[in-house]
Amino acid sequence: VARIPLDDARELDGRGTVAKLGEYFYMASSSTPVINRFTIEADGTLKPAGSLNFANYGVPEYFTIDAWGGVLVDAEKAYIFNGTDGSHVAWNPSTMEITGTIEGPGLVKEGYNLESIAVVRGHRMYRMFTFLNYDTWEFLPAPQYLAVYDLDKDELLDVTEESRCPQLYSRPFVDEKGDIYFSGWVWTPGLTLTGDYPASCALRIKDGEDTFDPDWQLNFAADVTDGREAGVMRYLGDGKALLDVFHHERVTIDANTDPQELMNTPNWRVWTVDLETKKGEPIESLDFAAGGYSDVQVDNRNFLMVSNEDYSETTAVELLDGELKTRFKMQGSVYHIAHRS
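Residues numbered from 1 in each chain as written. Predicted model: local features only at pLDDT ≥ 70, side-chain atom pairs only at ≥ 80, totals over all residues. Heavy atoms only, no water.

Asks: Would you mind showing me how to read empty space enclosed by the protein here?
Replies: Over the atoms a probe the size of a water molecule is rolled, and this reveals where empty space is left. Evaluated as defined, the whole model comprises one cavity of 30 Å³ or more. One number sums up the size of the largest cavity: a volume of about 50 Å³. In terms of lining, the largest cavity is formed by D244, W268, R269, V270, L286, D287, A289, A290, G292, Y293 and V306. Class assignment of the residues belonging to the lining of the largest cavity gives a composition of seven nonpolar, one polar and three charged. (1 Å grid on protein atoms, 1.4 Å probe; cavity = no way out; pocket = protein on both sides within 12 Å on 5 of 7 lines; lining within 4 Å. Points joined across faces, edges and corners; volume = space filled by probe spheres on them. Nonpolar A, V, L, I, M, F, W, Y, C, P; charged D, E, K, R; others polar.)

Asks: What is the right way to look at the state of the cysteines in this model?
Replies: Where two cysteines share a covalent bond between their sulfur atoms, that bond is called a disulfide. Under the criterion given, the structure shown has one disulfide. Between C165 and C201 runs a disulfide, and the two sulfur atoms are separated by 1.8 Å. The sign of the -120° torsion about the S-S bond sets the C165-C201 disulfide as left-handed. Taken together, the residues span a long stretch of sequence, with C165 in the loop between β14 (155-162) and β15 (173-174) and C201 in strand β17 (residues 201-205) at a distance of 36 residues. (Disulfide = S-S within 2.5 Å. Helix = DSSP H or I, 4+ residues; strand = E, 2+ residues; numbered from the N terminus.)

Asks: What's the story with the sheet that holds strand β7 (residues 77-82) in this structure? I'm lost.
Replies: Pairing between the strands of a sheet comes from backbone hydrogen bonds, and it takes one of two forms, parallel or antiparallel. On the basis of which strands lie adjacent, the open sheet formed by four strands has the order β6-β7-β8-β9 and antiparallel pairing. The open sheet has two free edges, formed respectively by β6 (70-74) and β9 (97-102), since each of these has just one partner strand. Strand-to-strand twist of the sheet, defined as the mean angle between neighbouring strand axes without regard to direction, takes the value 20°. Relative to strand β8 (residues 87-92), β7 runs antiparallel, the two being bridged by five bridges. Each bridged residue has a counterpart across the sheet, and for N82 the counterpart in β8 is S87. (Pairing = 2+ DSSP bridges. Axes fitted to C-alpha atoms, helices over the stretch in contact; angles between N-to-C directions.)

Asks: Just checking my understanding: could you explain the pairing of strand β19 (residues 230-237) for this structure?
Replies: Each regular strand carries side chains that alternate between the two faces of the sheet. Within β19, seven of the eight residues are buried, which leaves it mostly tucked inside the rest of the structure. Of the strand pairs in this sheet, β19 and strand β20 (residues 240-246) are connected by five bridges, and their pairing is antiparallel. Bridging across to β20, G231 finds its partner in D244. Taken together, β19 and the strand that follows it, β20, pair antiparallel across an intervening segment of two residues, in which D238 is found at a positive phi of about 55°. (Buried < 20%, exposed > 50% of the residue type's maximum accessible area, 1.4 Å probe, protein only.)

Worth remembering: the numbers are spatial, not functional.
Structure, rendered in structure tokens:
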């Protein structure tokens, strides 16, 4: 299929987010705090199967069920994150009932948005809290906070401060050993290249631990990319990861350069990284693109969703034996696939 058309698409107001748990398919619009559930019919159509409204729980106007706004543990347990105060609403995706709340860790900072991302390992949830101001484009490099939650008791266990790497709110991953890796998004490299801002890097939480490993840190520019800033580290398997690298040698950066605009320029290239040796190299078969990509795993196949410069079109490419093959194109900025089976 060269292109996936939108003729039969279901349009949502604002940003749409989706999830697949058990036999059900879930959908939410960023403008309404409601999760709609569907069954998937044999012909691929969606049949309504209930909804759940979170309006009484003070969740912010921007509502999502992706990794930045929700945590989907399994078919019986999930959480909605409230970015206003850092609290959570627990809900059951099978019964479509709200089952409880977890209070926020008290990390609200006046004048800044609470940016956050979470990952589940076993019976615990690990959530990073960072601060930014979208109006002034100020991303506080430190402090950041790692909050650890007990999912059996729905309670906050501990909060620790971390300042080694700035803005660790890209989607984290858990490797085969149970180690969790956190990295940043593509916004902060521009701040580093145009001003006095820390270089981007990645940290990990080892299996069996609830704090960041004090002896491990992957400094992208210094360790991997020959001095280039990078972000969005995602896991491939077998100790290998992907990294979106900004090739600053392709542009002229001066006092008038807008750090935000650097993210949108076609000067980013995806690299592979060996997490053990800290060695990396670009994937030559994938051309330069705008900053930011998404990875999707379907039946042990790895796909990268790569947007064009103005994010009006996405190309899905499959990574096979270190080479990339184009699979399809689609209108808009695509970052997720919910697998039917």
